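# Reading the structure
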Amino acid sequence: MGNICGKSESDNFSQPGRVLGSAPPQPERASVPSKVGGPPRTLGGGSPSSPPDGGNSDEARRRAAEAAEARAKAVASKPTGKLGTQLAVQKKQTRNETLKELSNAEIRQRDADEAAQARSHN
């Protein structure tokens, strides 16, 4: 049995090997440029030879802010269903309201436990 994508008739030892301790030839390496850097550029901003324009970045920032506002409005207007409305109600609660609700739930749980214990006559 063999590999489906492999060569059908290849022998691993058909080619001559190399002597122990010899390494395969190393590929040539690209030279590192002597000067790295230059003026800072924004991503997607024209050719590298053109200087960055201050008004251009302000325009891009304004468009990005408008797009973010549009996404936020789209999410806010989207129907969320039962769980989404419950989450919205939870987010609107203050810390004190949350603590008060947890305290009331704990009191109800204790009352239920006491009633169950009274019924079992322990």
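Just so you know, these numbers come straight off a predicted model, no measurement behind them.

Basis of the calculations
- Residues numbered from 1 in each chain as written.
- Predicted model: local features only at pLDDT ≥ 70, side-chain atom pairs only at ≥ 80, totals over all residues.
- Heavy atoms only, no water.
- Patch = residues over 30% accessible without salt bridge, like charges linked within 9 Å, V, L, I, M, F, W, Y side chains within 5 Å.
- Areas by Shrake-Rupley, 256 points an atom, 1.4 Å probe, with all protein chains shown as cover.
- Salt bridge = Lys/Arg side-chain N within 4 Å of Asp/Glu carboxyl O.
- Lys, Arg positive; Asp, Glu negative; His and termini not counted.
- Charge placed at Lys NZ, Arg CZ, Asp CG, Glu CD.
- Helix = DSSP H or I, 4+ residues; strand = E, 2+ residues; numbered from the N terminus.
- Expected span 1.5 Å × (residues − 1).
- Buried < 20%, exposed > 50% of the residue type's maximum accessible area, 1.4 Å probe, protein only.

A few words now on a negative patch on the surface. A cluster of acidic residues, E106, D111, D113 and E114, forms a negative patch on the protein surface. Inspection of the secondary structure assignment puts D113 in helix α3 (residues 95–120).

Its 12 residues give helix α2 (residues 81–92) an end-to-end C-alpha distance of 17 Å, which sits within 8% of 16 Å, the value for a rise of 1.5 Å per residue. Within α2, only 1 of the 12 residues are buried, which leaves it mostly out in the open.

For the coordinates displayed, the defined rule picks out 3 salt bridges. When the shortest N-O distance is used, the salt bridge between R62 and E59 registers 2.4 Å. Residue R62 and its partner E59 are both found in helix α1 (residues 54–77); the two are separated by 3 residues, about one turn of the helix. By relative accessible area, R62 is classed as partly exposed at 39%. The salt bridge involving R63 is made with E59; its shortest N-O contact spans 3.5 Å. With R63 and E59 both in helix α1 and 4 residues apart, the pair spans about one turn of that helix. Overall, the relative accessible area of 28% leaves E59 in the partly exposed class.

Here we come to α3. Here α3 is 26 residues long and its end C-alpha atoms lie 38 Å apart, about the 38 Å a rise of 1.5 Å per residue gives. Two residues or fewer after α3 comes H121, characterised by a positive phi angle close to 55 degrees.

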